[in-house]
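# Working through the structure, step by step
Each chain, written out:
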Amino acid sequence: MEDLLHYHYDVDGGNFASAGEASVQVKRVLRQMGFPPDLIRRVSIAMYEGEINMVIHAKGGDADVYLSPEQIRVVLKDVGPGIKDVALAMQEGYSTAPDNIRSLGFGAGMGLPNMKRYSDEMTVESTVGVGTTITLVFNAF
Amino acid sequence: MTVADLVQQSGWSPILLADDTREITGGYAGDLLSWVMGRGQYGDCWFTIMSNLNVIAVAQLLDVACVVFTEGVVPDAAVVNAARLHDINLIRTDEPTYAACVRLGGWMQ
């Protein structure tokens, strides 16, 4: 499927307070383009979880959003420590986030499950010591 | 009920009413932000004791009708400024979360 538009965002790993800026910008773009509100909500929440994960675990990364009328694809790529056991990480409640992150209200072990819940397709490619790439696909109708 | 109705009926203190005509269609209580993102709904009145900046991002992404800080929690100026930037309604109360939820539930019926 041909992507008509591509947006790239650098996710700043050093600033937890600003996490979500890319998701908020994507939400604005999708709204301007007239995508349905429920789809916009699903995309922006799933992407926000990805941003948070990159900030917590990988000191930031890249977020790329590809748009076509039929599909929205979000690719989140980091060069962090990688996920040792993806199946375990996909379980609700499993988290390796440190205590200081939990005190901010994150690290509940819902990040990856929420990304799966809100997307139509999700693939996780991760190699320990190399990094993680998560691709989320959302069907526009 | 609208956010304006909620403020009037509850006596809770508005911190920022960016759009008090927003309709409240449900309620959710929670402090674990990812949990809230997984379960909260558009139009919810969200009760929380969490008051960092990420609360505003979550409120905006979920498009909740308002955030109610319970148990006497007061957000700092940076949080209020972020809410102003993103048109998020903020309210606070000294009431415990459970009591606040029960009251909202009564009014919503």
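First things first, this report covers the structure right here in the doc.

Here the focus is the overall build of chain A. Within chain A, the secondary structure is distributed over five helices and five strands. Relative to the globule expectation of 14 Å for 141 residues, the C-alpha radius of gyration of chain A, 14 Å, shows essentially globular dimensions. Dimensions of chain A, computed from the C-alpha atoms along their principal axes, are close to 40 × 30 × 25 Å. Across chain A, the fraction of contacts at a sequence separation of at least 24, relative to all contacts at a separation of at least 6, is 66%. Here chain A holds 12 positive side-chain charges and 18 negative ones, and the gap between their average locations is 5 Å.

Our focus in this paragraph is the sheet that holds strand S1 (residues 13–16) of chain B. All names here are of chain B. What the five strands build is an open sheet, ordered S1-S5-S4-S3-S2; its pairing is mixed. Each end of this open sheet is capped by a strand with a single partner; those strands are S1 and strand S2 (26–29). Here the strands of the sheet are splayed against their neighbours by 25° on average, with no regard to which way each runs. Relative to strand S3 (residues 44–48), S2 runs parallel, the two sharing four bridges. When the bridges of S3 are listed, Ala-29 appears paired with Phe-47.

One way to put it is that helix H2 (residues 37–58) of chain A packs onto helix H3 (residues 54–62) of chain B with a least axis distance of 9 Å and a crossing angle of 155°. As the angle between them shows, H2 of chain A and H3 of chain B are arranged roughly antiparallel. When H2 of chain A is examined against H3 of chain B, the residues Arg-41, Ser-44, Ile-45, Tyr-48 and Ile-52 of chain A are found in contact with a partner set consisting of Asn-54, Ala-57, Val-58, Leu-61 and Leu-62 of chain B. Within the contact of H2 of chain A with H3 of chain B, the residues separate by chemical class into seven nonpolar, two polar and one charged.

Our focus in this paragraph is the packing of helix H1 (residues 3–10) of chain B against helix H5 (residues 97–108) of chain B. Residue and element names in this part refer to chain B. Between H1 and H5, the least distance of the axes is 12 Å, while the angle of their chain directions is 120°. Taken together, H1 and H5 sit at an angle that is classed as oblique. The crossing of H1 and H5 is right-handed. Residue-level contacts link Leu-6, Gln-9 and Ser-10 of H1 to Arg-103, Leu-104 and Trp-107 of H5. Taken together, the residues that form the contact of H1 with H5 break down as three nonpolar, two polar and one charged.

Our next topic: the environment of Leu-5 of chain A. All names here are of chain A. Within the fold, Leu-5 resides in strand S1 (residues 5–12). On a C-alpha basis, the gap between Leu-5 and Phe-35 in space is 14 Å, while along the polypeptide they are 30 residues apart. Discounting residues that sit within four places of it in the chain, Leu-5 has contacts with Met-33, Val-65, Tyr-66 and Leu-67.

Turning next to the environment of Met-1 of chain B. Residues and elements named next belong to chain B. For Met-1, the position within the fold is in the segment before H1. As for Met-1 and Arg-103, which are separated by 102 residues in sequence, their C-alpha atoms are 13 Å apart. Sequence-distant contacts of Met-1, that is, excluding residues within four places in its chain, are made with Leu-6, Gln-9, Arg-22, Glu-23, Ile-24, Leu-104, Trp-107 and Met-108.

The rules behind these values
Residues numbered from 1 in each chain as written. Chains lettered and ligands numbered in written order. Predicted model: local features only at pLDDT ≥ 70, side-chain atom pairs only at ≥ 80, totals over all residues. Heavy atoms only, no water. Helix = DSSP H or I, 4+ residues; strand = E, 2+ residues; numbered from the N terminus. Rg over C-alpha atoms; globule rule 2.2 N^0.38 Å. Contact = heavy atoms within 4.5 Å. Lys, Arg positive; Asp, Glu negative; His and termini not counted. Charge placed at Lys NZ, Arg CZ, Asp CG, Glu CD. Pairing = 2+ DSSP bridges. Axes fitted to C-alpha atoms, helices over the stretch in contact; angles between N-to-C directions. Parallel < 35°, antiparallel > 145°, perpendicular 65-115°, else oblique. Nonpolar A, V, L, I, M, F, W, Y, C, P; charged D, E, K, R; others polar. Left-handed = near helix turned anticlockwise from the far one by under 90°.

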